[in-house]
Amino acid sequence: MAIARIVSLKALVNGVSPSRVLLLRCRTLSSAVRDYSASTSPPSKAVVYDQHGSPDVVTRVTELPPVEIKDNDVCVRMLAAPINPSDINRIEGVYPVRPPMPAVGGYEGVGEVHAIGSAVKGLSPGDWVIPSPPSSGTWQTYVVKEQTVWQKIDKSTPMEYAATVTVNPLTALRMLEDFVALKSGDTIVQNGATSIVGQCVVQLARLRGIHSINIIRDRAGSDEAKANLKQLGADEVYTESQLEVKNVRGLLGNIPEPVLGFNCVGGNAASLILKFLKQGGTMVTYGGMSKKPITVSTSSFIFKELTLTGFWLQRWMSTDKAEERQSMIDYLLGLCRDGKLNYELEVAPFDDFHTSLEKAMGKRGRQPKQVLKF
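Residues numbered from 1 in each chain as written. Predicted model: local features only at pLDDT ≥ 70, side-chain atom pairs only at ≥ 80, totals over all residues. Heavy atoms only, no water.

Caption draft 1: Molecular detail of the sheet that holds strand 13 (residues 282-285). Across the sheet, six strands lie side by side as 11-10-9-12-13-14; this open sheet has parallel pairing. Looking along the sheet, the strands with just one partner apiece sit at the ends: strand 11 (236-239) and strand 14 (307-310). Looking at each pair of strands side by side, their axes are set apart by 20 degrees on average, direction ignored. Relative to strand 13, strand 12 (residues 260-263) is paired through four bridges, and the arrangement is parallel. What sits directly across from Asn 263, in strand 13, is Thr 285. Along the sheet, helix 7 (residues 196-207) contacts strand 9 (187-191), strand 10 (211-216) and strand 12; its crossing angle with strand 9, the most-contacted strand, is approximately 165 degrees. Packed onto the sheet, helix 8 (residues 222-232) meets strand 10 and strand 11 and runs at close to 160 degrees relative to strand 11. (Pairing = 2+ DSSP bridges. Helix = DSSP H or I, 4+ residues; strand = E, 2+ residues; numbered from the N terminus. Axes fitted to C-alpha atoms, helices over the stretch in contact; angles between N-to-C directions. Contact = heavy atoms within 4.5 Å.)

What follows is the structure, given as structure tokens:
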């Protein structure tokens, strides 16, 4: 009562009604609350690991406290993020580049702008963005990073493709463009053709009028896998056992010998690539799923004059190619929106993370690429 009386007296002295004073105080308090909430992110639910090891053992889902949103920061509410083999390798501690621990898993994804710092231009709440280049820590509900990390994308893009466009489709595109000047009518050969990169190679090659020879592993469901790749535009699909012949070139018919090969398996599967390549051809290695070494015959170097090289997307991303990278991502997303680029995915709720992780680790047989939906 005394406080109300003092307010009333001060208001009357200053010629302002008590109700007006209280309204102004409420507005001031409301503004203060808005300013405070805009300066920090909401708490974030995240997949965290404190040590390297098997991901199904060392990861846990926990809640992280709010993070300050600085002037140049953007707070993004994540919509979806995939589980890539490289994510698993980072947690295992075997990938060349690893974030300091404790760390949040994930490397790419798509999100919606939740809040922006005072100095941010060109982005607004509600915009869709992806980390470009990819950035660690996408397996959480809210991510706060500087504006330079985020690339705005078209919101009409299917969410699951927006979440996965950078690591695999961009690898396929760069390998088709960076090593040999391919032209319509040329041929490429690849192993690991059922992978996301492999599926993208088939479709991007077809759009350029380039033939593709595809090698897959011998396992249950190989006939279905062949049919799926043919539907995407593959010219030929062989299991490794079908290529246990002396002259694989006799299988090509009217298709020209490949000038370029992509290897993500190693071991015998890499040797099959070398058998297919024409004289002077190039094999690009971008993975080693079998964990077996590549064995090359002396004649492959001396008489066939083959070139063997490697590709690592992260190294390419680290160069000064921001505009080119953004342009290529927009191009790939455009293909996805037009239905000209698609690949096998399984979208699962974030609450089912550990089930999706087991699938991604191959503990439940062959499974599609796992995409977490937040």
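Back to the text.
Caption draft 2: Quick look at a nonpolar patch on the surface. On the surface, Ile 294, Phe 301, Ile 302, Phe 303 and Leu 308 cluster together into a nonpolar patch covering about 490 Å² of accessible area. One can find Leu 308 in strand 14. Here Leu 308 falls in the partly exposed class, since its relative accessible area comes to 32%. (Patch = residues over 30% accessible without salt bridge, like charges linked within 9 Å, V, L, I, M, F, W, Y side chains within 5 Å. Areas by Shrake-Rupley, 256 points an atom, 1.4 Å probe, with all protein chains shown as cover. Salt bridge = Lys/Arg side-chain N within 4 Å of Asp/Glu carboxyl O. Buried < 20%, exposed > 50% of the residue type's maximum accessible area, 1.4 Å probe, protein only.)

Caption draft 3: Quick look at helix 4 (residues 85-92). Listed in full, the buried residues belonging to helix 4 are Ser 86, Asp 87, Ile 88, Arg 90 and Ile 91. One or two residues past the end of helix 4 sits Gly 93, with phi positive at roughly 90 degrees.

Caption draft 4: Structural detail: the packing of aromatic side chains. Considering all chains together, one arrives at six aromatic pairs under this definition. Where Tyr 238 meets Phe 276, the ring centres are 6.4 Å apart and the plane angle is 25 degrees; that geometry is what we call stacked. In this pair, Tyr 238 sits in strand 11 while Phe 276 sits in helix 9 (residues 267-276), placing the two residues 38 residues apart along the sequence. A relative accessible area of 8% means that Tyr 238 is categorised as buried. Here Phe 276 falls in the buried class, since its relative accessible area comes to 0%. Positioned above the aromatic ring of Tyr 107 is the side chain of Arg 90, whose terminal nitrogen or guanidinium carbon lies 3.9 Å from the ring centre. (Phe/Tyr/Trp six-rings, centres within 6.5 Å; stacked < 30°, edge-to-face > 60°. Lys NZ or Arg CZ within 6 Å of the ring centre and 35° of its normal.)

Caption draft 5: Spotlight on the environment of Val 245. Summarising the element assignment, Val 245 is placed in the loop between strand 11 and strand 12. Using a relative accessible area of 34% as the deciding quantity, one classes Val 245 as partly exposed.

Caption draft 6: Structural detail: the state of the cysteines. The tally for this structure, following the rule as stated, stands at zero disulfides. The thiol of Cys 200 is unpaired, and the distance to the nearest cysteine sulfur, on Cys 336, comes to 7.4 Å. A relative accessible area of 0% means that Cys 200 is categorised as buried. (Disulfide = S-S within 2.5 Å.)

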